[in-house]
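Summary of structural features
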Amino acid sequence: MKQIPRVLIDDPAFLGVVLAAIEVFDCETYGILIGTKKGNEYIVKHAVSYQTTRRKKAEVSMCDRRAQMLARNIKGVSPYHYIGEFHSHPNGPPRLSDHDKKD
């Protein structure tokens with residue numbers, strides 16, 4: 001039986017997501033989650049919002065080349081690893097939109 005990953009979000013990371021969403025409200029925000037992984041447990045230490053996204057009220061996009069460059073270079077500047085990404089839906093339901101699935 002496949003084990004469901006456990007994800008813990010440290011206070012600074014949670015605050016980073018909330019402040020990123022507040023800063024650009026009522027457009028969407030987008031960023032990267034970094035932290036540690038041990039077995040089936042992920043600990044998100046920091047949430048860093050992307051500065052160069054294309055923001056709209058109902059969608060947000062990041063240049064793939066820039067996102068890949070940032071994810072690749074985390075190890076060189078931090079003891080943490082890429083965990084995932086975050087973005088907000090201030091004007092929509094809490095699920096993936098068609099744009100999210102395509103992007």
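You'll find the structure just up there.
A short tour of the structure in this document, coming up. (Residues numbered from 1 in each chain as written. Predicted model: local features only at pLDDT ≥ 70, side-chain atom pairs only at ≥ 80, totals over all residues. Heavy atoms only, no water.)

Considerations on the overall build of the protein chain
Assigned secondary structure in the protein chain consists of three helices and six strands. Along the protein chain, from the amino end to the carboxyl end, the secondary structure elements read β-α-β-β-β-β-α-β-α. Scaling as 2.2 N^0.38, a compact globule of 103 residues should have a C-alpha radius of gyration of about 13 Å, and the protein chain matches this with 14 Å. Taken along the three principal axes of its C-alpha coordinates, the protein chain extends 35 × 35 × 25 Å. Burial status across the protein chain gives 25% buried among its 103 residues. Expressed as a percentage of contacts within the protein chain between residues at least 6 apart in sequence, the contacts between residues at least 24 apart total 67%. Accessible surface, the protein chain: about 7,500 Å² in total, of which carbon and sulfur atoms supply 56%. Here the protein chain holds 16 positive side-chain charges and 12 negative ones, and the gap between their average locations is 6 Å. (Helix = DSSP H or I, 4+ residues; strand = E, 2+ residues; numbered from the N terminus. Rg over C-alpha atoms; globule rule 2.2 N^0.38 Å. Buried < 20%, exposed > 50% of the residue type's maximum accessible area, 1.4 Å probe, protein only. Contact = heavy atoms within 4.5 Å. Areas by Shrake-Rupley, 256 points an atom, 1.4 Å probe, with all protein chains shown as cover. Lys, Arg positive; Asp, Glu negative; His and termini not counted. Charge placed at Lys NZ, Arg CZ, Asp CG, Glu CD.)

Considering the layout of surface pockets
To locate leftover empty space, one rolls a probe as large as a water molecule over the atoms. Taken as a whole, the largest pocket holds about 270 Å³ of empty space. Around the largest pocket sit 15 residues that line it, and Ile32, Val48, Ser49, Tyr50 and Leu70 are the ones nearest its centre. If you list the elements that add at least two residues to the lining of the largest pocket, you get strand S2 (30-38), strand S3 (41-49) and helix H2 (64-77). The greatest single-element share of the lining of the largest pocket, amounting to six residues, is contributed by H2. In terms of residue class, the lining of the largest pocket is made up of nine nonpolar, five polar and one charged. In this model, the second largest pocket occupies a volume close to 180 Å³. Around the second largest pocket sit Tyr30, Val60, Met62, Asp64, Ala67, Glu85, His87, His99, Asp100 and Asp103, which together line it. (1 Å grid on protein atoms, 1.4 Å probe; cavity = no way out; pocket = protein on both sides within 12 Å on 5 of 7 lines; lining within 4 Å. Points joined across faces, edges and corners; volume = space filled by probe spheres on them. Nonpolar A, V, L, I, M, F, W, Y, C, P; charged D, E, K, R; others polar.)

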